Amino acid sequence: ASSPKGKESKRRYNQSQKSKEAQKRYRWTEKRKESQRKYCQSEKGKKTIAKNQREWRQRNPELSKAKVNRSYIKHRESILEHQRECNQQLKKQILTYYGNNSCACVKCGFTDIRALSIDHIDGMGYEHRKRVGNGIRFYKWLEKNNYPKGYQTLCMNCQFIKRETAGECARV
């Protein structure tokens, strides 16, 4: 028969061994996580991940669409807020470009962005907007086409005065 001291000593030894094994597993897990983190941030890792995700979406179009929809519903407000900010920034950028590097009316100098818009100098805005769209779509078209000539930033007052004096019609 073994003594109580021997059993207690053996039990403590077994616990310490288990503890050492758990520490080894933890260190190994942490090393593996760090290695994965580094790989995912590398160019090769990013390309591989993107390729795998693309293939998964092609194999699982219904699941992919459902996942995107759930994510949109969950983050809808922040997505819409981000879109509003980006659209406002693009509008300011376009108005500044066509306002001679100032976000202001080229005729009177009015600066309130809420009343500024892009004017077609040749007066054919209605037909052009029918083709490319108006609002943010029009601003994106201007940016995509490398800021073509023939446009200017005007406030709505100057826009209506120009329309009246030039005999432009809002709709032809």
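Along each chain, residue indices are assigned from 1 in the same order as the chain's sequence is written. With pLDDT at 70 or above as the cut-off, local features in this predicted model cover only qualifying residues; side-chain atom pairs require 80 or more to be listed or tallied, and sums for whole chains, interfaces and linings still use all residues. The side-chain quantities take in all heavy atoms of the structure and omit both hydrogens and water.

**A word on the overall build of the protein chain**
Stated formally: Counting from the N terminus, the helices are the DSSP runs of H or I reaching at least four residues and the strands are the DSSP runs of E reaching at least two. Each residue is assigned to one of three classes by its accessible area relative to the maximum for its type, calculated with a 1.4 Å probe on protein chains only: buried under 20%, partly exposed between the two thresholds, exposed over 50%.
A tally of regular secondary structure across the protein chain gives six helices and two strands. Listed by position from the N terminus, the elements making up the protein chain come as α-α-α-β-α-α-β-α. The C-alpha extent of the protein chain, read off along each of the three principal axes, is 115 × 40 × 30 Å. Put simply, the protein chain has 172 residues, and 20% of those count as buried.

**Some remarks on the pairing of strand β1 (residues 116-120)**
Our working rule: By definition, two strands form a pair when at least two bridges between them are found by DSSP.
Of all five residues in β1, five are buried, a share of seventy percent or more. Bridge analysis of β1 against strand β2 (residues 151-155) gives five bridges, and the strand direction is antiparallel. Among the inter-strand pairings, S117 is bridged to a residue of β2, identified as L154.

**A short note on a positive patch on the surface**
To be explicit about the condition: Within the patch definition used here, like charges are joined within 9 Å and nonpolar side chains (Val, Leu, Ile, Met, Phe, Trp, Tyr) within 5 Å, considering only residues with over 30% relative accessible area and no salt bridge. Shrake-Rupley sampling with a 1.4 Å probe provides the accessible areas, and residues are treated as covered by the protein chains on show and by no other component. The term salt bridge refers to a side-chain nitrogen of Lys or Arg lying within 4 Å of a carboxyl oxygen of Asp or Glu. Within this scheme the basic residues Lys and Arg register as positive and the acidic residues Asp and Glu register as negative, but His and the chain ends are omitted. Every charge is mapped to an atom, namely NZ of Lys, CZ of Arg, CG of Asp or CD of Glu.
Together, K20, K24, R27 and K31 give the surface a local cluster of positive charge. In this structure, K20 sits in helix α1 (residues 4-41). Looking at K20, the relative accessible area reads 48%, which means it is partly exposed.

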